[in-house]
Amino acid sequence: MDPERAGRRAECDGGGLVMGSHYAARQEFTGTLTGEYYDEGDPPWRWYKMIDLTRKPNAYPFVSVWCEADSLFLIDED
């Protein structure tokens, strides 16, 4: 848990499978970070959970998304 990121508004972008197809495309999301994260790989990549999505790809059926830290941009920075 990263309490400094919890509740922060952010955008993230990256590539991923287009729902209902066999194609990948660039995808953009805007939402609120929960502060939850996990590290995966060696060297580790950090992924943050985003909820309350106000922007997401068409046909994206989920209420949250995991965003890779290097593709994450805080939009409520002072």
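Below or above, wherever it landed, is the structure these notes cover. Since we're looking at a predicted model, the values are computed, not measured. Each chain has its residues counted from 1, running along the sequence as written. With pLDDT at 70 or above as the cut-off, local features in this predicted model cover only qualifying residues; side-chain atom pairs require 80 or more to be listed or tallied, and sums for whole chains, interfaces and linings still use all residues. Hydrogens and waters are ignored; side-chain quantities use all the structure's heavy atoms.

**Here we look at the packing of aromatic side chains**
For Phe, Tyr and Trp, where Trp contributes only its six-membered ring, two rings pair if their centres lie within 6.5 Å, and the inter-plane angle classes them as stacked under 30 degrees, edge-to-face over 60, or tilted in between. Inspection of the entire model under this criterion finds 5 aromatic pairs. Judged by centre distance (5.0 Å) and plane angle (75 degrees), the ring pair of Tyr-38 and Trp-66 falls under edge-to-face. Here Trp-66 lies in strand β4 (residues 65-68) and Tyr-38 lies in strand β2 (residues 24-40), a separation of 28 residues in the sequence. In this structure Trp-66 comes out as partly exposed when scored by relative accessible area, which is 34%. The structure contains a cluster of three or more aromatic residues connected by ring pairs, namely Phe-29, Tyr-60 and Phe-62. Charge-over-ring contacts are defined here by two conditions on Lys NZ or Arg CZ: a distance within 6 Å of the ring centre and an angle within 35 degrees of the ring normal. Taking the ring centre of Tyr-48 as reference, the NZ or CZ of Arg-5 above it sits at 4.7 Å. Helix and strand definitions here come from DSSP, where helices need a minimum of 4 consecutive H or I residues and strands a minimum of 2 consecutive E residues; each element is numbered from the N-terminal end. Three labels apply to residues, based on accessible area from a 1.4 Å probe with only protein chains included: buried if under 20% of the type maximum, exposed if over 50%, partly exposed otherwise in between.

**Side note on the nonpolar core**
Only buried residues count toward a nonpolar core. Its members are Ala, Val, Leu, Ile, Met, Phe, Trp, Tyr and Cys residues joined through side-chain atoms within 4.5 Å. Among the nonpolar cores identified, the biggest contains 11 residues, and these are Ala-10, Cys-12, Phe-29, Leu-33, Tyr-48, Met-50, Leu-53, Tyr-60, Val-65, Cys-67 and Leu-72. When contributions to this core are tallied by element, the ones reaching two or more residues are β1 (9-17), β2, β3 (45-55) and β4. With residues up to four places along the chain from it excluded, the contact list for Phe-29 reads Ala-10, Glu-11, Cys-12, Met-50, Leu-53, Arg-55, Lys-56, Pro-57, Tyr-60 and Val-65. In what follows, a contact means two residues having at least one pair of non-hydrogen atoms within 4.5 Å.

**A closer look at the state of the cysteines**
Throughout this description, disulfide means a covalent bond between two cysteine sulfur atoms. Working definition: a disulfide is two cysteine sulfur atoms within 2.5 Å of each other. As enumerated under the stated definition, the model contains 1 disulfide in all. With a sulfur-sulfur separation of 2.1 Å, Cys-12 is cross-linked through a disulfide to Cys-67. Placement of the pair is Cys-12 in strand β1 and Cys-67 in strand β4, with a sequence separation of 55 residues. The same class applies to Cys-12 as to Cys-67, namely buried.

**Some remarks on the side chain of Gln-27**
Position of Gln-27 relative to the elements: it lies in strand β2. Setting aside chain neighbours within four positions, we find Gln-27 in contact with Cys-12, Asp-13, Gly-14, Gly-16, Leu-17, Val-18 and Pro-57.

**Notes on the environment of Asp-70**
Following the sequence through the fold, Asp-70 ends up in the loop between β4 and β5 (72-74). Along the sequence, Asp-70 and Trp-45 sit 25 residues apart, while their C-alpha atoms lie 8.7 Å from each other.

**A closer look at the pairing of β2**
For β2 and β3, the ladder comprises 7 bridges, and the chain directions are antiparallel. Of the residues in β3, the one forming a bridge with Leu-33 is Met-50. Here, any two strands with at least 2 DSSP bridges between them count as paired. The hairpin formed by β2 and β3 contains 4 residues between the paired strands, and Gly-41 there has a positive phi angle of roughly 95 degrees.

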